[in-house]
Amino acid sequence: MTTHVTPQPSDSLEAPAAAQATVAGGATPALRSRTRAAWIGLVGVGLVAVLVFWVFEALPFQDLPAHAGLIALRHRFSQSAFEQHFFVLAPHIGPYSLFRFLGEGFVRVIGPVGAVRALATLPVIATPLALLFARRRLYDDRSPSYGFIGLALSFGLMTLLGFASYLLGVSVMLVGLTLWLELMVATDDEAPDRTRRELIVAAFAPLMFVAHGHAFVLFLLCAGVSTIATGNRFARILRIRALVPALALAGWVAWLERGATTPPGSLPVVPPLVPLFQTPAEKLGLLVTPTLMTRTGIDFIIAVVVWFFAVACTVLTVRSIRSGDGVKVAAEVRHSRALYASALALGLVFLALPHAIGWFGFVDGRLVPMVLYLALLGIRRSVLPPSFLRALDTGAPVVAATIAVLAMVASYRFQAEAAGYQQVLGRLPVNARVLNLPVDPNSDVFTAHPFVHYDKLALADRPLVVSDIWFHQGSALYPTPDNPAVRLPASYSESDLKGIDWPAYQLSDWDFVLMRTKPSAPQPTIPSAFVLEEHRGGWWLFRHTAAAHSNPAGDAHGLP
């Protein structure tokens, strides 16, 4: 491993790195062989991690079935008169544009379900690459250790929630932050290429915005903190001008999305943006979510170990970077100062944020992996004792392999829980209106709520109206006045059904009711207007007595 150190007069902050560079320069054949084996291992573990999304039929990743349905709906919208009657499609550039663009590209080749598998795969590939890129560019660290760290942290609660767009946005953001930190150091040193670097940041920043708005806001915070954390602060602040194009784009999109503005022909849907705060104990529990997926406890223990290691390395690194004037210390010292200052800022924001704001959930939890990424990226290998280096270089592959195998085994066990959904969803005819009531959407294998959006798998296959579509800029879909979803009671929340107040529902709006219970649960109680159409495992499909009998090859005639 080689560590690049810019020649500076501060011996106390450079001597360890320089000494390490000398040792690494004389690497023995045995060391080169071990390094080569580690890179091969990274590829092997990465392949196992990727296959988790491809080798099993039933997906345990909560939002992915919803994305499959929305991708299919948008793709066929121009030819579907039925869906045009209930929806308005109005896409424009914004914080989810990259995800929609990639989804449309994938669906043309591998279909909607294949598209979400590919979209979920991208963060698992992009996160290790982003961390490897950051370490090599900022610290000249050429070891594969951070690739393993990226794989391990690619499987957490947000992966299970199906937040593929956000996780991809975080990967893009990490690359953008790396470019920004390089620009900051080039500005400090008055490097001749600083203008070129500024242009690169100006061109890349809009990509961060269209990848994901939340990740873009986090980048802005980190960029702002890093300008004043170290170096020539006045010169650094001037470089914020590189972000003007991205900020202008964000401002324009915000103007388009202002207030209750909706496309012509659609009905304004403005959900209440009420913040929901958690207790301190619940907030503390979010710290294990970067690796938490299953109920085995293994990934919980791994999260605790990773945090302890990150904190210990942070203490050692921070001790080594406390002294020295801003522009007179090595570039890697300034990078570490900026990264740890950014991690501290994100940590404080995490403590202050609510857990949800209206429909936008897991608001604070999204920051936890970012804090961990920044803390781990800021480590200076040159100040770590040999035991810590061994833990980093041998522990990271073990952790990554354990997480990948755990995800594979858990996905295999999940198939039995999900059994029956294909047969039940297959009974839904074309052009049916389906009320989704996942009474028990949880899994005994995975955490989160994997069965919340399984109704969208039918939407991915044929034109339907389902009850829980996301109506906002991200989906680019908005309801017409005829869409029955606009008449659902305020108590309806597909991800958190605390009970079903049947009199509050206009049941004549729906041809079918799809319910999910525990496989061992008895038949749910349902109004007499519906009769049982199909039951398999924990899946129950009820048909309105006034609707046509199910005929997947034909059309539902609807209710009078």
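Details of the structure are given in the entry above.
Keep in mind it's a predicted model, so treat the numbers as computed, not measured.

Chemist: Explain the overall build of the chain to me, using residue names and the numbers behind them.
Modeler: The secondary structure content of the chain amounts to 19 helices and 10 strands. Radius of gyration (C-alpha) of the chain: 26 Å, near the 24 Å computed for a compact globule of 560 residues. Taken along its principal axes, the extent of the C-alpha atoms in the chain is 85 × 50 × 45 Å. In the chain, which comprises 560 residues, the proportion classed as buried is 58%. Within the chain, the 36 negative side-chain charges are centred at a point lying 8 Å from the centre of the 42 positive side-chain charges.

Chemist: A description of the sheet that holds strand β6 (residues 464-466) should follow, citing residues and the corresponding values.
Modeler: Here we have five strands laid out as an open sheet, ordered β6-β5-β8-β10-β9, and mixed in their pairing. Edge positions in the sheet fall to β6 and β9 (530-536), since each of these pairs with one other strand and no more. Sheet twist, expressed as the mean angle between neighbouring strand axes with direction ignored, is 25 degrees. Relative to β6, strand β5 (residues 432-437) runs parallel, the two being bridged by three bridges. Counterpart to Ala432 in the pairing with β6 is Leu464.

Chemist: Run through helix α17 (residues 386-418), naming residues and quoting values.
Modeler: Within an α-helix, residues lying three or four positions from one another point in the same direction, as the helix has 3.6 residues per turn. Between the first and last C-alpha of α17 there are 47 Å, a value that for 33 residues agrees with the 48 Å anticipated at 1.5 Å per step. Approximately 35 degrees is the largest bend angle found in α17, and it occurs at Gly395, with the proline Pro397 only one to four residues beyond.

Chemist: For the environment of Gln523, give the residues involved together with the corresponding values.
Modeler: For Gln523, the location among the structural elements is in the loop between β8 (512-516) and β9. The class of Gln523 is partly exposed, set by a relative accessible area of 45%. Sequence-wise, Gln523 and Trp540 are 17 residues apart; in three dimensions their C-alpha atoms are separated by 7.8 Å. Sequence-distant contacts of Gln523, that is, excluding residues within four places in its chain, are made with Leu532, Trp540 and Phe542.

Chemist: I'd love a proper account of the side chain of Thr178, names of residues and values included.
Modeler: As for its placement among the helices and strands, Thr178 is situated in helix α8 (residues 164-188). Assessed through its relative accessible area of 2%, Thr178 is described here as buried. Not counting chain neighbours up to four residues away, the residues in contact with Thr178 comprise Phe133, Ala134, Arg137 and Leu138.

Chemist: Can you explain the state of the cysteines? Please cite residues and give values.
Modeler: Applying the stated criterion across every chain, the model contains zero disulfides. Left unpaired, Cys222 is separated from the closest cysteine sulfur, that of Cys313, by 20 Å. Residue Cys313 is classed as buried on the basis of its relative accessible area of 0%.

Chemist: So, a nonpolar patch on the surface: which residues are in play, and what are the values?
Modeler: Judged by side-chain polarity, Leu47, Leu51, Trp54, Val55, Val109 and Ile110 come together as a nonpolar surface patch covering roughly 550 Å² of accessible area. Mapped onto the nonpolar patch, the elements with two or more residues apiece are α2 (29-51) and α5 (97-139). Within the secondary structure, Val109 is located in helix α5.

Chemist: With reference to specific residues and values, describe the sheet that holds strand β4 (residues 360-361).
Modeler: What holds strands together in a sheet is hydrogen bonding between their backbones, with the strands either parallel or antiparallel. In space, the three strands of this open sheet follow the order β2-β3-β4, with antiparallel pairing throughout. Since the sheet does not close on itself, it has two edges, and those belong to β2 (275-276) and β4, each with one partner. Pairing of strand β3 (residues 356-357) with β4, which is carried by two bridges, proceeds in the antiparallel orientation. Looking at the pairing, Ala356 lines up with Gly361 of β4.

Chemist: Tell me what's going on with the pairing of strand β10 (residues 539-544), and back it up with residues and numbers.
Modeler: Among the six residues of β10, six are classified as buried, and the element is accordingly described as predominantly covered. Where burial is concerned, the two faces of β10 agree: the one with Trp539, Leu541 and Arg543 and the one with Trp540, Phe542 and His544 are both buried. Counting the residues that bridge the hairpin from β9 to β10 gives two residues, and of these Gly537 lies at a positive phi of roughly 60 degrees.

Chemist: Run through the environment of Val434, naming residues and quoting values.
Modeler: Position of Val434 among the secondary structure elements: in strand β5. By relative accessible area, Val434 is classed as buried at 1%. Put simply, Val434 and Leu464 are 30 residues apart on the chain and 7.4 Å apart in space, counted from C-alpha to C-alpha. Sequence-distant contacts of Val434, that is, excluding residues within four places in its chain, are made with Leu428, Val465, Val466, Ser467, Trp510, Phe512 and Leu514.

Chemist: Report on the side chain of His212, specifying residues and quantitative values.
Modeler: Its place among the elements puts His212 in the loop between α9 (194-211) and α10 (213-229). Among the polar contacts made by the side chain of His212, one reaches the main-chain amide nitrogen of His214 at a distance of 3.1 Å. Apart from residues no more than four positions distant in its own chain, His212 is found in contact with Pro95, Tyr96, Ser165, Tyr166, Gly169, Phe360 and Arg366.

Chemist: An account of the pattern of salt bridges is needed here, citing residue identities and associated values.
Modeler: Here the structure, examined in full by the defined rule, presents 27 salt bridges. The salt bridge involving Arg135 is made with Asp141; its shortest N-O contact spans 3.1 Å. For the pair Arg135 and Asp141, one class covers both residues: buried. Of the charged contacts in the structure, one is a salt bridge between Asp455 and Lys456, with a shortest N-O distance of 3.1 Å. Here Lys456 falls in the buried class, since its relative accessible area comes to 1%.

Chemist: Tell me about unusual backbone geometry, and please be specific about residues and values.
Modeler: The phi dihedral of Asp140 is positive, around 55 degrees, even though this residue is not glycine. One non-glycine residue, Asn431, lies in positive phi territory at about 65 degrees. Secondary-structure assignment places Asn431 in the loop between α18 (421-425) and β5.

Criteria and cut-off values
- Residues numbered from 1 in each chain as written.
- Predicted model: local features only at pLDDT ≥ 70, side-chain atom pairs only at ≥ 80, totals over all residues.
- Heavy atoms only, no water.
- Helix = DSSP H or I, 4+ residues; strand = E, 2+ residues; numbered from the N terminus.
- Rg over C-alpha atoms; globule rule 2.2 N^0.38 Å.
- Buried < 20%, exposed > 50% of the residue type's maximum accessible area, 1.4 Å probe, protein only.
- Lys, Arg positive; Asp, Glu negative; His and termini not counted.
- Charge placed at Lys NZ, Arg CZ, Asp CG, Glu CD.
- Pairing = 2+ DSSP bridges.
- Axes fitted to C-alpha atoms, helices over the stretch in contact; angles between N-to-C directions.
- Expected span 1.5 Å × (residues − 1).
- Bend = angle between axes of the 7 residues up to and from the residue.
- Contact = heavy atoms within 4.5 Å.
- Disulfide = S-S within 2.5 Å.
- Patch = residues over 30% accessible without salt bridge, like charges linked within 9 Å, V, L, I, M, F, W, Y side chains within 5 Å.
- Areas by Shrake-Rupley, 256 points an atom, 1.4 Å probe, with all protein chains shown as cover.
- Salt bridge = Lys/Arg side-chain N within 4 Å of Asp/Glu carboxyl O.
- Polar contact = N/O pair within 3.5 Å; in protein donor to acceptor, adjacent residues only side chain to side chain.

The values are spatial; any link to function lies outside them.
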